[in-house]
Amino acid sequence: MDNDFTPELNFPCEYPIKVIGQDAEDFFDFVVELVSRHAPEVMPHEFSVNRSSGGKYTSVSVTIIAESREQVSALYKEMGEHKRIKVAF
């Protein structure tokens with residue numbers, strides 16, 4: 001999930017994350033658990049969830065306080081390894 005253009009970030013900083021996957025009853029909890037491994041200070045009530053109009057997909061969003069580029073890279077690496085996640089940005 002690397003881009004040719006990587007914006008310069010000054011850490012620590014607020015870093016928004018959005019994860020999209022197929023709608024499933026446990027998808028929200030799955031994303032909360034995954035993100036929390038990399039940003040343990042984020043609380044479940046800080047996440048928001050939206051379902052697509054057709055009901056096929058769910059998106060989960062949160063803004064974390066990113067401490068380093070390595071932290072963000074590790075989070076995206078793990079998200080990229082899960083087949084349940086269709087898109088993460």
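Residues numbered from 1 in each chain as written. Predicted model: local features only at pLDDT ≥ 70, side-chain atom pairs only at ≥ 80, totals over all residues. Heavy atoms only, no water.

Novice: Please explain the overall build of the protein chain as it appears in this structure.
Specialist: Helix and strand content of the protein chain: two helices and four strands. Along the protein chain, helices (α) and strands (β) appear in the sequence β-α-β-β-α-β when read from the amino end. Judged by the C-alpha coordinates and their principal axes, the protein chain covers about 40 × 30 × 20 Å. Expressed as a percentage of its 89 residues, the buried residues of the protein chain come to 33%. Long-range contacts, defined as pairs at least 24 residues apart, comprise 72% of the intrachain contacts of the protein chain with a sequence gap of at least 6. Within the structure as shown, the protein chain displays about 5,900 Å² of accessible surface, and the carbon and sulfur contribution to it stands at 51%. Looking at charge distribution, the protein chain has the averaged site of its 9 positive side-chain charges lying 10 Å from that of its 15 negative ones. (Helix = DSSP H or I, 4+ residues; strand = E, 2+ residues; numbered from the N terminus. Buried < 20%, exposed > 50% of the residue type's maximum accessible area, 1.4 Å probe, protein only. Contact = heavy atoms within 4.5 Å. Areas by Shrake-Rupley, 256 points an atom, 1.4 Å probe, with all protein chains shown as cover. Lys, Arg positive; Asp, Glu negative; His and termini not counted. Charge placed at Lys NZ, Arg CZ, Asp CG, Glu CD.)

Novice: Would you take a moment to explain the sheet that holds strand β4 (residues 85–88) for this structure?
Specialist: Picture the strands of a sheet paired through backbone hydrogen bonds; they go either parallel or antiparallel. With antiparallel pairing, the four strands of this open sheet are ordered in space as β2-β3-β1-β4. Sheet topology places β2 (48–51) and β4 at the edges, where each strand pairs with a single neighbour. The sheet shows a mean angle of 25° between the axes of neighbouring strands, direction not considered. Two strands pair when backbone bridges link them, and strand β1 (residues 13–22) and strand β3 (residues 57–66) are joined in this way by ten bridges, in the antiparallel orientation. (Pairing = 2+ DSSP bridges. Axes fitted to C-alpha atoms, helices over the stretch in contact; angles between N-to-C directions.)

Novice: Quick question: what am I supposed to make of the pattern of salt bridges here?
Specialist: For side chains of opposite charge, pairing can occur when their charged atoms come near one another. This structure, assessed with the given rule, holds five salt bridges. Residues D26 and R84 are paired through a salt bridge, measuring 2.7 Å at the closest nitrogen-oxygen approach. Here D26, found in the loop between β1 and α1 (27–38), pairs with R84, found in the loop between α2 (69–80) and β4; they are 58 residues apart in sequence, far enough to count as distant. Relative accessible area serves as the criterion here: at 40%, D26 is assigned to the partly exposed category. For R84, a relative accessible area of 30% puts it in the partly exposed group. Salt-bridge contacts for R37 lead to E78; the nearest nitrogen and oxygen are separated by 2.3 Å. (Salt bridge = Lys/Arg side-chain N within 4 Å of Asp/Glu carboxyl O.)

Novice: Looking at this structure, how should I read the side chain of T58?
Specialist: With respect to the element layout, T58 can be found in strand β3. Of the polar contacts made by the side chain of T58, one reaches the side chain of D23; its length is 2.5 Å. Aside from chain neighbours lying at most four places away, what touches T58 is V19, I20, G21, Q22, D23, A24, F27, V49, N50 and R51. (Polar contact = N/O pair within 3.5 Å; in protein donor to acceptor, adjacent residues only side chain to side chain.)

All we've got here are geometric facts, nothing functional implied.
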